[in-house]
There are 2 protein chains.
Amino acid sequence: MLSKSQIKVITRLKQKKYRVQDGIFVAEGIKVINELLESHLELQQLFTTVSFGTALEKEQLITEAELKKISFLKTPNKALALFKIPQQQAIPTNQFVVALDNVRDPGNLGTIIRLCDWFGVEELVCNTETVDCYNPKVIQATMGSITRVNVSYIDLESYLKASNSPVFGAFMDGDNVYKTTLPETGILVLGNEANGISPEIEALVTNRIAIPRFGALQATESLNVATATAILLSEFKRGK
Amino acid sequence: MLSKSQIKVITRLKQKKYRVQDGIFVAEGIKVINELLESHLELQQLFTTVSFGTALEKEQLITEAELKKISFLKTPNKALALFKIPQQQAIPTNQFVVALDNVRDPGNLGTIIRLCDWFGVEELVCNTETVDCYNPKVIQATMGSITRVNVSYIDLESYLKASNSPVFGAFMDGDNVYKTTLPETGILVLGNEANGISPEIEALVTNRIAIPRFGALQATESLNVATATAILLSEFKRGK
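Along each chain, residue indices are assigned from 1 in the same order as the chain's sequence is written. Just so you know, chain letters begin at A and ligand numbers begin at 1, following the order they were written in. Owing to the predicted nature of the model, reporting of local features is limited to residues with pLDDT of at least 70; listing and counting of side-chain atom pairs is limited to 80 or more, with chain, interface and lining totals taken over all residues. Side-chain metrics rest on all non-hydrogen atoms present in the structure, leaving aside hydrogens and water.

As recorded in an unreviewed UniProt entry, chain A goes by the name RNA methyltransferase, TrmH family, listed as coming from Bizionia paragorgiae. UniProt positions are given in the numbering used here, feature names are shortened, and annotations may be inferred rather than shown by experiment. In its Sequence similarities (unreviewed entry) section, the UniProt entry covering chain A states "Belongs to the class IV-like SAM-binding methyltransferase superfamily. RNA methyltransferase TrmH family."

Draft legend 1. Seen up close, the interface of chain A and chain B. Tallying the contact residues gives 34 residues for chain A and 34 residues for chain B. Accessible area, probed at 1.4 Å, shrinks when two parts are joined; the buried area is that loss added up over both. Both sides together, the interface formed by chain A and chain B hides about 3,200 Å², and carbon and sulfur atoms give 57% of it. When a carboxyl oxygen of Asp or Glu lies within 4 Å of a side-chain nitrogen of Lys or Arg, that pair is called a salt bridge. Viewed at the interface, chain B and chain A are joined by two salt bridges. Its salt-bridge partner being Glu235 of chain A, residue Arg238 of chain B comes within 2.8 Å of it at the nearest N-O pair. What qualifies as a polar contact is a pair of N or O atoms within 3.5 Å, subject to a donor-acceptor requirement within protein and to the restriction that residues adjacent in sequence count only when both atoms come from side chains. At the junction of chain A and chain B, the tally comes to eight residue pairs in polar contact (both at pLDDT 80 or more). Helix and strand definitions here come from DSSP, where helices need a minimum of 4 consecutive H or I residues and strands a minimum of 2 consecutive E residues; each element is numbered from the N-terminal end. Of all the secondary-structure elements, those providing two or more residues to the side of chain A that touches chain B are helix H5 (106-118) and helix H9 (225-238) of chain A. At eight residues, H9 of chain A tops the list of elements feeding residues into the side of chain A that touches chain B. Only heavy atoms matter for contacts: two residues are in contact if any of them lie within 4.5 Å across the pair.

Draft legend 2. Examining the packing of H5 of chain A against H9 of chain A more closely. All names here are of chain A. To define axes, lines are fitted to C-alpha atoms, for helices over the stretch in contact only, and angles between the resulting N-to-C directions are given on a 0 to 180 degree scale. Orientation of H5 relative to H9, taken along the N-to-C sense of each, is 10°, at an axis distance of 9 Å. When the interaxial angle is binned, H5 and H9 end up roughly parallel. Where H5 crosses over H9, the two elements pack in a sense that is right-handed. Two secondary-structure elements touch here, H5 through Asn108, Thr111, Ile112, Leu115 and Cys116 and H9 through Val225, Ala226, Thr229, Ala230 and Leu233. Angles are sorted into four bins: roughly parallel if under 35 degrees, roughly antiparallel if over 145, roughly perpendicular if 65 to 115, and oblique for all others. By definition, turning the near helix anticlockwise from the far helix through less than a right angle yields a left-handed crossing, and turning it clockwise yields a right-handed one.

Draft legend 3. Summary view of the packing of H9 of chain A against helix H9 (residues 225-238) of chain B. Two elements in contact, H9 of chain A and H9 of chain B, have axes whose closest approach is 8 Å; the angle formed by their N-to-C orientations is 55°. The orientation of H9 of chain A with respect to H9 of chain B, classified from their angle, is oblique. In this structure, H9 of chain A crosses over H9 of chain B, and the sense of that crossing is right-handed. Mapping the contact onto sequence places Ala226, Thr227, Ala230, Ile231, Ser234, Glu235 and Arg238 of chain A in H9 of chain A and Ala226, Thr227, Ala230, Ile231, Ser234, Glu235 and Arg238 of chain B in H9 of chain B. Residues are grouped as follows: nonpolar covers Ala, Val, Leu, Ile, Met, Phe, Trp, Tyr, Cys and Pro; charged covers Asp, Glu, Lys and Arg; every other residue, Gly included, is treated as polar. Classifying every residue of the contact of H9 of chain A with H9 of chain B gives six nonpolar, four polar and four charged.

Written out as structure tokens, the structure reads:
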């Protein structure tokens, strides 16, 4: 049986300040939890309506009604697990890195993490204003990809200043990405949903690229940040 | 002042059966409404807290409190318009066509319509189980692109059977899309979020393609349908 204090400790993890304070995040659903259990992440506790048969000493069987009290989902999905937030790792140099500048939407961040995983990008760096990757909506949207992509929150301006890698950013007036030779290592910056890349970061972009628009003159102003990431990562990787 | 019956007639347009019955759909926000006003779509009525200065005979000034009563948005955005659903147009042959098979998520359909607009794809055909493009969430997600893409709901199986064009579909065991010569005309089929392309439609696919996965063995199982569409449309158009 779940105690009132357990319910309180779990549900407050919806807020970033408690995730940071407690060093814990929430994952839900058998599929996502299984992917996380098979990774380097450390399970803190598992609340489930069906036994997983693993990590039994950390498993607590609960009822559907109890799950409903702690779940962040509209339709709770059999189990909820608490995992420890891993320590931020050093960012290796000489790798291809995706960098996010003020990406706010959890669904977009989740999709970008899945894309990094798909295209073999192991390093994702985010400025501190980008949405927290341990936000429950991001964890659900990544479908387990979070275990295979190293996400770091940093001072993006300082990071780019200190780096020797070429910095790519997408702008309407950039060079046609389809006709640009793209290197194997470098940093690809994606900006905010509404405002794009911020002026401080734009000043540090060394290679301005653009995804050409094929539609009529009046066409849509911009692509969504997740679809732009899909097209750009495909371009960086397709020739390799 | 809005009457009770006006409120009822507008709010029930959230349901497809009333949109079909009345031949009317809802668009919200000044930017989206302006894009629709500039298109071939016919305005039925405009409810707004600020005058648009156009189509004045169809404009009704309302208060913020009234807007709240008819809006489908959490944060209503100054105006709500009713437009007539246009008659379905004939689908031209000898064009590049995107076809959707059971796409259910309004956000995904909205993103795919924006991508068609960006890449100059004028024809989007959907099987009748695909989410309605006049769903308010789709209209908001398209950001006006709906005015530049001709969306048709059809019996997809019969359509593909009757077509002479090559039919492309993405499957894990398909040919590497980066190494495939893609034609200027053809039909690109995208499938359901969870189940992919249905068996009846798969049987009609003439060219099986795949987006290669660059990550580790354990990598994410599939891309989201909207990001897959982004990458595939980019591949079809990049060489042109």
